[in-house]
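Summary of structural features
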Amino acid sequence: MNQIEDIKLVKSFKAGEKKAFDRIYEKYKKVILNYLYRVMNSKEAAEDLTQETLIKVYMNICKYRPTGSFSSWVYAIARNLSKNEFRRMNRKKTISLETDIPGTEGLKLGDVVKSDDFDTEKKLEKKAVHSRMETILAGLPLKYREVITLCIIQKLPYEEAARVLKCSRSNVAIRLYRARKVFMELMKREKDEV
Amino acid sequence: MKCKYSEDILSRYVDGALPGRLLKAVSEHLSKCSRCRLEVEKMAKLNDMLEALPEAVESEHFDFEFNRKLAAAIAEKEKENILVNVLRGIAETVEQAGDLFMPRVPVLVRSAIAAIFIVGAFLTGQYYNETDMPLLTAVKGEVFILNKEDNTWHAADENITLEEGSVIRSAGLSEANIELSSKYHMRLKSDTTIKLARLSPKRRSGKFSVELEKGDILVDIERGFKGSRFQVRTEEARVRALGTKFMVAQKNKKTWIGVLKGSVKVGPGQKILKLAKAVSDVTVNAGMKTEVPHKELPARPTPLLMKDWEQMKELYMIGEKTRVALFISNDKTRVLGLLSPCAIYITDEKPRKIPAQLEEAAYYIYRAIKENNNILHMKGISKLEEIVKKDRTADYNVQLLLYIGAYYNFLELHSKAIAAFNEVIRDHPDSPLVSLALCAKAYIREKSFNDFSGAKRLYRKIIEEYADSPEAQFAHERLGLLAPEETGTTHA
């Protein structure tokens, strides 16, 4: 995200230039929708929360202080809303997503993925791969889904992800490392079952 | 053999998150260690696969829904703001009432209609004697009313009271607003004809049925009228609603209905009413639309799209207008409340009509009170007078002039006070607050000028001409008290 452009837009929006918000809206609509889609595992919920996020941005823009980047402020709003939504739903499924997947503790990446694992996937259709990947991602604990979406899919730097996730930079690194490990283990398990 | 770099370092390497020196060292290591290289490749591959996942594409109605929710959130926020301000005003007034005798600082509040209603109904000095019939509140361009006697169209002006059977037509590029008790608002868009088919309004309930012959109407119906019914009929459809914002468009033998807030029930027009209601009616919820073709049933509702937003967004604006409310109790002693003097609340519409002078006036008055400075007091008043002069016909001038009069009286400039009240009586003879202006004048004559005969004349005038006003009772009491002094009258 272009921080300088963001600051400019925020400034002119604060000064009463309503058109500036249209640019902010267009810029963030898709990224926030995609972030929430991966986190919520539901397009409908993601759309609702994206709208809510952007409404909060509109209503609270005067509270934004350019100490952190604007994009991480927007992401943080989206993340808070998604957490509230999970709390609201308070479904068993959500709770189980937060627990570790048994049998993945102490594993090393090398133990779970062999080098030719990816080659065999070439044989599968792209679509099928995507759908498998999506199923695995959707089954990961929320904290792993968040970090994978932010750092890998949306390519946010660790520092920005740390601001969104309200943790340290090294925490992001560790969480991401574990998320990868679990992801690969689940891929392997699924493959073994097939 | 264990490598010197752990997997989480490699993970950071893949993400390009290693600091320069470490990055260089790891790169060098990777060129030698095939095991770590493999590890990095696997992780990079996973990254690629995740990045390649298809993106979510927003639904067709996403933008519309966003705009609808945003407009509702803004309206809600404004409603909150005015309530907060009014409550603060009450707190301040109560706090100051005990020992201070000074004008309250005017508060400028921009607000939504619902909140204006609260202020208007409970806190203004305006007693409620409006007719409960619909009013044509705003006219833009050419708007006509059908004269039933000779069947001709007459140009319509603002503030005309409408009645059952009234037919109103807006020409091309013209618009008209119709309001009932500040609760029901309709806007006739360009080239539209409606008939007020059924009206049985009571104070808080009633039946209201509008026939839309052709064109577009925007409808904003608030809740609060218990047992009320509101209905829009066209040849093809009937739309029933309460507590909603919606639009009905009749064109080419089709009726289109879109809903922004609440839900409306849509049924077919009279001709196929034989069908059971349960079969023929559909409920259209906020964010949805339906269409009813001639002699057919309403279509299944579908989401509203961005192209519909442009014509519907006005629904968040109609009915909002500038109101200036005096903060006094609404009983027979309200003249004393006015001369205490009272606080004034100003609610403004979008776009703002009340000029920036008001904020300046508020600033001067605030400083004047703080510094006890008469020059600043006069500056404050002159700013308020500028607003009055800017648009002499504005309705809110009545409240502003009353406030100015009370303010002059507070500064012991009694003649100027009377001049302000006279201006109300002269320029706004139809205002329900004329009796208050007369009474204030009488009271100043009596108390400040000892002009008892002049005061009595005015009190009698109030009793004769404004018998139903709260001031009539007050005037009676004053006359009773003044009677023994009749012989000792002096003129100021």
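Please read these numbers as outputs of a predicted model, since none were measured by experiment. (Residues numbered from 1 in each chain as written. Chains lettered and ligands numbered in written order. Predicted model: local features only at pLDDT ≥ 70, side-chain atom pairs only at ≥ 80, totals over all residues.)

1. Quick word on the overall build of chain A
Within chain A, the regular secondary structure consists of eleven helices and zero strands. Burial statistics for chain A: of 194 residues in total, 35% are counted as buried. A fraction of 67% describes how many contacts in chain A between residues 6 or more apart in sequence connect residues 24 or more apart. (Helix = DSSP H or I, 4+ residues; strand = E, 2+ residues; numbered from the N terminus. Buried ≥ 20, exposed ≤ 12 C-beta atoms within 10 Å, placed from the backbone. Contact = placed C-beta atoms within 7 Å.)

2. A few points about the overall build of chain B
Looking only at helices and strands, chain B has 15 helices and 20 strands in total. Evaluated residue by residue, chain B yields a buried proportion of 41% over its 492 residues. Taking as baseline every contact in chain B between residues at least 6 positions apart, the subset at least 24 positions apart corresponds to 58%.

3. Describing the confidence of the model for chain A
Averaged over chain A, the pLDDT score is 83; the fraction of residues at 70 or greater is 81%. For residues 94-100 of chain A, every residue scores under 50 in pLDDT, and the model assigns this stretch seven contacts once sequence neighbours within four places are set aside. (pLDDT = per-residue confidence, 0-100.)

4. What about unusual backbone geometry?
Backbone geometry follows two general trends: most residues other than glycine have a negative phi, and most peptide bonds adopt the trans configuration. Of note, the phi angle at K166(A) is positive, near 55°, even though the residue is not glycine. Along the chain, K166(A) falls in the loop between α10 (158-165) and α11 (169-193). Of note in this structure, N151(B) is not a glycine but carries a positive phi near 55°. Mapping N151(B) onto the fold places it in the loop between β3 (143-147) and β4 (152-155).

5. So, the interface of chain B and chain A
On the side of chain A, 33 residues touch chain B, which itself brings 29 residues to the contact. Put simply, the parts of the chain that give the side of chain B that touches chain A at least two residues each are α1 (7-14), α3 (34-51) and α4 (62-97) of chain B. Considering every element that reaches the side of chain B that touches chain A, the biggest residue donor is α3(B), with ten residues. The class makeup of the residues in the side of chain B that touches chain A is 13 nonpolar, three polar and 13 charged. (Nonpolar A, V, L, I, M, F, W, Y, C, P; charged D, E, K, R; others polar.)

6. Examining the environment of A472(B)
Residue and element names in this part refer to chain B. With respect to the secondary-structure elements, A472 resides in helix α15 (residues 470-482). Of the residues examined, A472 has 18 C-beta atoms within 10 Å and is grouped as partly exposed. For the pair A472 and L436, spaced 36 residues apart in the sequence, the C-alpha separation amounts to 9.6 Å. If we skip the residues at most four places from it in the chain, A472 touches I462, I463, Y466 and A467.

7. Section: the pairing of strand β2 (residues 135-140) of chain B
The sheet contact formed by β2(B) and strand β5 (residues 160-161) of chain B spans two bridges and is antiparallel. Residue pairing across strands places L135(B) opposite T161(B), the latter belonging to β5(B). (Pairing = 2+ DSSP bridges.)

8. Observations concerning the packing of helix α1 (residues 3-14) of chain A against helix α2 (residues 18-40) of chain A
Residues and elements named next belong to chain A. Close contact between α1 and α2 brings their axes to 7 Å; oriented N to C, the two are set at 145°. In this structure, α1 crosses over α2, and the sense of that crossing is left-handed. Contacts from L9, S12 and F13 of α1 reach α2 at A20, F21, R23 and I24. Classifying every residue of the contact of α1 with α2 by side-chain character gives five nonpolar, one polar and one charged. (Axes fitted to C-alpha atoms, helices over the stretch in contact; angles between N-to-C directions. Left-handed = near helix turned anticlockwise from the far one by under 90°.)

9. Points about the nonpolar core
Within soluble globular proteins, side chains that are nonpolar tend to cluster in buried spots. If you look at the biggest cluster of nonpolar residues, it comprises 55 residues, and the most contacted ones within it are L36(A), V74(A), V147(A), C151(A), A161(A) and V172(A). If we ignore the near neighbours within four places in the chain, the residues touching L36(A) are A46(A), L49(A), T50(A), A78(A) and S82(A). Counting 45 residues, the second-largest nonpolar core is a separate cluster that includes V139(B), L188(B), A241(B) and V284(B). (Core = buried A, V, L, I, M, F, W, Y, C linked by C-beta atoms within 7 Å.)

10. Details of the packing of α1(B) against α3(B)
Residue and element names in this part refer to chain B. The N-to-C vectors of α1 and α3 enclose an angle of 50°; their axes lie 9 Å apart at closest approach. Put simply, α1 runs oblique to α3. The two elements α1 and α3 cross, and the hand of that crossing is right-handed. Counting all contacts with α1, which are made through E7, L10, S11, Y13 and V14, the residues of α3 involved are C36, E39, V40, M43, A44 and N47. (Parallel < 35°, antiparallel > 145°, perpendicular 65-115°, else oblique.)

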